[in-house]
Every structure is written in C-alpha cells, then in structure tokens.
Amino acid sequence: MTAASAAGAARAARPARGVHQYLALVIGVVYLLVGAVGFAVTGFDDWTVHDHSQTLLGFAINPLHNVVHLVIGLLGVLLWSRSASARTYGWVLAVGYGAAFVYGLIVVNDPEANVLNINGADNVLHVVSAVAGLVVALWPARRAATAGTTTVA
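Residues numbered from 1 in each chain as written. Predicted model: local features only at pLDDT ≥ 70, side-chain atom pairs only at ≥ 80, totals over all residues. Heavy atoms only, no water.

K.L.:
I keep staring at the packing of aromatic side chains and nothing clicks. Help me out?
P.N.:
Working definition: an aromatic ring pair is given by the centre-to-centre distance plus the angle between the planes. Per the counting criterion, the structure on display carries four aromatic pairs. A centroid spacing of 5.4 Å and a plane angle of 20° characterise the contact between Y31 and Y97, whose relative ring orientation is stacked. With Y31 in helix α2 (residues 19–42) and Y97 in helix α4 (residues 83–107), this residue pair connects regions lying 66 residues apart in the sequence. Aromatic side chains F39 and F44 sit 4.6 Å apart centroid to centroid with 10° between the ring planes, which places their arrangement in the stacked category. (Phe/Tyr/Trp six-rings, centres within 6.5 Å; stacked < 30°, edge-to-face > 60°. Helix = DSSP H or I, 4+ residues; strand = E, 2+ residues; numbered from the N terminus.)

K.L.:
Just checking my understanding: could you explain helix α3 (residues 63–79) for this structure?
P.N.:
Given 3.6 residues per turn, any residue in an α-helix points the same way as the ones three and four places further on. The first and last C-alpha atoms of α3 sit 24 Å apart over 17 residues, in line with the 24 Å expected at 1.5 Å per residue. Turning to α3, its buried residues are P63, H65, N66, H69, I72, G73 and G76. The opening residue of α3, the one whose side-chain oxygen lies 3.2 Å from the backbone nitrogen of L64, is N62. (Expected span 1.5 Å × (residues − 1). Buried < 20%, exposed > 50% of the residue type's maximum accessible area, 1.4 Å probe, protein only. Polar contact = N/O pair within 3.5 Å; in protein donor to acceptor, adjacent residues only side chain to side chain.)

K.L.:
Would you explain the side chain of R87 in this entry?
P.N.:
Within the element layout of this structure, R87 appears in helix α4. Of the buried charged residues, R87 lacks a salt bridge, with D122 as the closest side chain of opposite charge at 27 Å. Within the structure, R87 has its side chain in polar contact with the backbone oxygen of A137 (distance 3.2 Å). (Lys, Arg positive; Asp, Glu negative; His and termini not counted. Salt bridge = Lys/Arg side-chain N within 4 Å of Asp/Glu carboxyl O.)

K.L.:
Help me understand the nonpolar core in this model?
P.N.:
A general tendency of soluble globular proteins is for nonpolar side chains to be buried together. Among the nonpolar cores identified, the biggest contains twelve residues, and these are A24, I27, Y31, I72, W80, A86, Y89, L93, Y97, A100, A130 and V136. Looking at this core, the elements that each hand over two or more residues are α2, α4 and α5 (120–138). For this core, the leading source of residues is α4, giving five residues. (Core = buried A, V, L, I, M, F, W, Y, C linked by side-chain atoms within 4.5 Å.)

K.L.:
How should a nonpolar patch on the surface be read in this particular structure?
P.N.:
The grouping of V19, L23, V127, V131, V135 and W139 at the surface amounts to a nonpolar patch, some 430 Å² of accessible area in total. Mapped onto the nonpolar patch, the elements with two or more residues apiece are α2 and α5. A per-element tally of the nonpolar patch places α5 first, with three residues. Tracing the sequence through the fold places W139 in the loop between α5 and β3 (143–146). (Patch = residues over 30% accessible without salt bridge, like charges linked within 9 Å, V, L, I, M, F, W, Y side chains within 5 Å. Areas by Shrake-Rupley, 256 points an atom, 1.4 Å probe, with all protein chains shown as cover.)

K.L.:
How should I be thinking about the environment of W91 in this particular structure?
P.N.:
Relative to the helices and strands, W91 resides in helix α4. What W91 contacts, discounting residues up to four positions off in sequence, is G96, G133, L134, A137 and L138. (Contact = heavy atoms within 4.5 Å.)

K.L.:
Just to check I follow, could you spell out the environment of A113 for this structure?
P.N.:
Within the secondary structure, A113 is located in the loop between α4 and α5. Expressed as a C-alpha distance, the spacing of A113 and Y103, which sit ten residues apart in the sequence, is 9.5 Å. Once residues lying within four places of it in the same chain are set aside, the contact partners of A113 are Y103 and V107.

Here you go:
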C-alpha cells in the first residue's frame, strides 16, 4: 500500500463533517476571541461590575462575562469534531443563551442583579446565539450511501 492510498483510506474511514459541525467550530472560535479580547477592555478587576461604559463593539462586558464567553467558545472548539457532540453544543447554546436572554430582560436595569453587565445589545446577541444553537442542533443529518445501505451521519 502506498502512502497516497493509505491517506485516501484514512480519509474514507473518517466520516464527512456536516455544516452544523463547522458552524459549531466557527461560533466557538468567535466566542473564544471575544472572551480573550474582552479582558483587554475590562482587565481582571471588578469581576461583576455593572458599568455599561465597558463595552466591546457596543456589547457591555465585565470579567465574569468574558469568562462565560471563553467557556462557551472552548466548548465549541472541543465539541465540533463529531456530529453528535456538535449537536449537543448547539443545544447548550440554544438553552444557555435562551436563558441568558430571559435573565438579561429581567436584570438589564438592575445593577445589583446584573452581575454579567448585560445591556440591550447583549440581549439581541443572546437571541441570535440561541437561534444559531438551534440551527447547529437541528441541522438535517447527512445521508451517506455505502454498499447499498443508507446511514445517517
């Protein structure tokens, strides 16, 4: 067996990745970057400060909010490579950011309860992230035909 045929066999054995997996990866990388860059804006003090002057592209942040972004991003990077785990990440986004949206509606004008420093722009992004999570979680499965059988990826 030549090196080229061995590489081809390895590619054939690896299942093709779906669009939902690449979406999970992109979302994860974006949230990782936002979390890291957020610390350049907020620094590492006053973890739960409610100060809407600390913004990143119009989104209010604080160090705790940055950590949440880092965790969500890390999950995306860790879970994207398998179809089932990418779908799990999608559900985490949908449920987590759906809950963050509701939380943000409740606390947006309450500095004592708003420990993540959420503003109106954050609430919009949380809805968009929840919908993106649903897209990842519910993206149609690929069907691959092999030797007369049909499998769902």
